[in-house]
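Overview (structure and organization)
Given next are the chains, with one letter for each unit.
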Amino acid sequence: MSSPSARASLDGWVEECARLTQPDRVVWCDGSEAEYTRLLEEMSRDGTLLPLDPVTHPGCYLHRSHPSDVARSENLTFICSQNRDDAGPTNNWMSPQEARERLEPLFRGSMKGRALYVVPYLMGPVGSPYSKVGVEITDSAYVAASLRIMTRMGRVAMNRLEESPGFVRGLHSLGDLSPERRFICHFPEQKLIWSVGSGYGGNALLPKKCFALRIASWMARQEGWLAEHMLILGLEEPGGTVTYIAAAFPSACGKTNLAMLVPPASQKGWRVWTVGDDIAWMHFGPDGRLYAINPEAGFFAVAPGTSARTNPSMMATIGRDTIYTNVALRPDGTPWWEGLDGPVPDRAIDWQGRPWQPGAGKAAHPNSRFTAPARQCPAISPKFDDPAGVPISAIIFGGRRGRVAPLVYEAFDWRHGVFVGASMGSETTAAATGQVGVVRRDPMAMIPFCGYNMADYFRHWLKMGTVSDEAPSIFHVNWFQTGPDGSYLWPGFGENIRVLRWILGRTRGQAQAVRTPIGHLPTPESLDVSGLRLSEGALGYLLTVDRDLWKTELEDQAQFFRRFGDRIPQELWDEHERLRRRLDGSDES
Ligand code: GTP
Ligand code: SPV
Ligand code: MN
């Protein structure tokens, strides 16, 4: 069915944006290889990109963003719903009218002397009923080129747009890159995003957090599905059966690494397939199971810590046709960051383009990243392009907690699992500007990304569990517990396969567990730790529920829930009360 109206409304919107921003020229992107090459050449000429060593890193480039523009700006991100209460207490809110009045002057003439790129993109596999179309208008060639990696861009999206009832609009301009004049505004009722003043990451690549999470979460509640900050992986066991798992960890807390896990040699026959590393769109299928697609086509992943030891699949992925941002540069024209294999270089150029030597702070920005096509990942799942998505058997929530949260536990049921997700906490990371390492509540890893009132989001989650008897089991993990000397107690990375195996065992009713106040924990025998060189007493810490710490945790959770007033579902307060009683030992049920 052809709908000329979608095309006509796109043309009208492009004209309207061009009138406002006054570019020299309007470039309609078709997503072709030739166009991508042209963009890279233009940016190499004007210094936006630096070609890396063409022998070791063919098709790879380095981009340096403005030093004040290196991470998502949560304080400058707004939900512009008609009603303030629909944004809720955890989002910044601006009225749609005020947003227009404040941002229009920033867009007016902002593209003078520059090109306006029209970038149509498809989120999700071609031909999937769950995929959705968006168009980003941007004056950043870096954004346009990055979107060719991150999305299915160009003609394939235009084809889908012409048969779609609507599409999500995103207008983006670099503006003057000043944080004083930077705003990332979402108009969920209009399916519209306005972003000005930033050229980096989630602020500027609008399909990612702005559409696929903030706008999509709003749509998902209306339409009865879930848009989540989750990786999707396929866990293959000896014999070849593959079970799919989705996991929500906050920014820079290990989604990419878990999605690409390579088991150590001791775990013969086990394998992980990557379906997605950041975002999952999930719908209950006709068979009652929850199916997930990855709306993205590429990875925009954290560089520091990435190495052949921690993530060999990613190292293989980023060897070619990758755009690196804010990493350091070695004299031989290869990229470098803290945690990369091999010796620390005795000199380099840091992420700001300044000469660097060991001891002179970080060479790569802690939130430096690379943008690489998912197809280049050796672990990419054969189901990556499957229009039906993959059936999810387990959902994992997780955070970065030096203490409190044990290595892994299973929720008693869906409702308790929603409570576990809704009350989770995690230490902040460099993925957003602001203080790093402070514990904050980050329900379902969505605190920066839920496009509506989180009390309603919790209600939506509770409701989703009643749609089907086949809802996945829910777990919580924490790879980041530290010992008295501050070092990690759990080896993490490839060894996380041991935890995935326990989780799989639980979904099969096979793995043993002990019932604790917070959920089911592995018995010491049911978690395979053979051959691991854990420090003295580590396993005890990893698998213990410290009642005193949990009572403090309980108070933190209550404070968080109170922010939502009456709007928060009573079920969550009930779960909170049950946990309190179990911790007090007055209720063992
Ligand atoms: P976003 O892209 O921001 O959403 O992050 P992410 O959740 O995909 O995080 P990612 O996998 O990129 O990991 C972030 C940082 O945590 C990197 O420096 C990793 O090396 C580190 N990390 C990941 N997994 C583990 C683990 O199991 N143990 C430890 N100690 N560190 C880990
Ligand atoms: C995150 O911060 O969770 C990211 C990176 O995945 S960004 O696209 O910048 O949001
Ligand atoms: Mn993310």
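A brief structural summary. (Residues numbered from 1 in each chain as written. Chains lettered and ligands numbered in written order. Predicted model: local features only at pLDDT ≥ 70, side-chain atom pairs only at ≥ 80, totals over all residues. Heavy atoms only, no water.)

Considering the site of ligand 2
Around ligand 2, the structure places R72, G201, G202, K208, K209, H229, S251, D278, F300, R369, A431 and F449. In this structure, R72 approaches ligand 2 through a side-chain N or O atom, which is 2.9 Å from an oxygen atom. Take D278: an N or O atom from its side chain is 3.4 Å from an oxygen atom of ligand 2. With the chains in place, 98% of the 280 Å² that ligand 2 exposes on its own is no longer accessible. Every element with two or more residues in the shell around ligand 2 is listed here: α7 (201–204) and α8 (207–223). The residue inventory of the shell around ligand 2, partitioned by class, reads three nonpolar, four polar and five charged. (Near = heavy atom within 4 Å. Polar contact = N/O pair within 3.5 Å; in protein donor to acceptor, adjacent residues only side chain to side chain. Areas by Shrake-Rupley, 256 points an atom, 1.4 Å probe, with all protein chains shown as cover. Helix = DSSP H or I, 4+ residues; strand = E, 2+ residues; numbered from the N terminus. Nonpolar A, V, L, I, M, F, W, Y, C, P; charged D, E, K, R; others polar.)

Observations regarding the site of ligand 1
A252, K255, T256, N257 and R369 are the nearest of the 21 residues found near ligand 1. The contact in question runs from an oxygen atom of ligand 1 to an N or O atom on the backbone of G254, over 2.9 Å. Within the side chain of K255, an N or O atom sits 2.7 Å from an oxygen atom of ligand 1. About the coverage of ligand 1: the protein hides 92% of its 650 Å² of free accessible area. The element best represented in the shell around ligand 1 is helix α9 (residues 255–259), accounting for three residues. Taken together, the residues of the shell around ligand 1 sort by class into nine nonpolar, eight polar and four charged.

Looking at the coordination of the manganese ion (ligand 3)
The manganese ion (ligand 3) binds to the protein through K209 (NZ), H229 (NE2) and D278 (OD); the donor distances cover 2.2 Å. For the manganese ion (ligand 3), the six donor atoms in the first shell make angles of 75 to 175 degrees at the metal, a pattern classed as octahedral. Read in sequence order, the donor residues for the manganese ion (ligand 3) give the motif K-x19-H-x48-D. On the criterion of sequence distance, the pair formed by K209 in helix α8 and H229 in the loop between β12 (226–228) and β13 (231–236) is long-range, its members being 20 residues apart. By relative accessible area, K209 is classed as buried at 6%. (Donors = N, O, S within 2.8 Å, 3.2 Å for Na, K, Ca; no water. Tetrahedral: all angles 85-135°; square planar, octahedral: opposite > 155°, others 65-115°. Buried < 20%, exposed > 50% of the residue type's maximum accessible area, 1.4 Å probe, protein only.)

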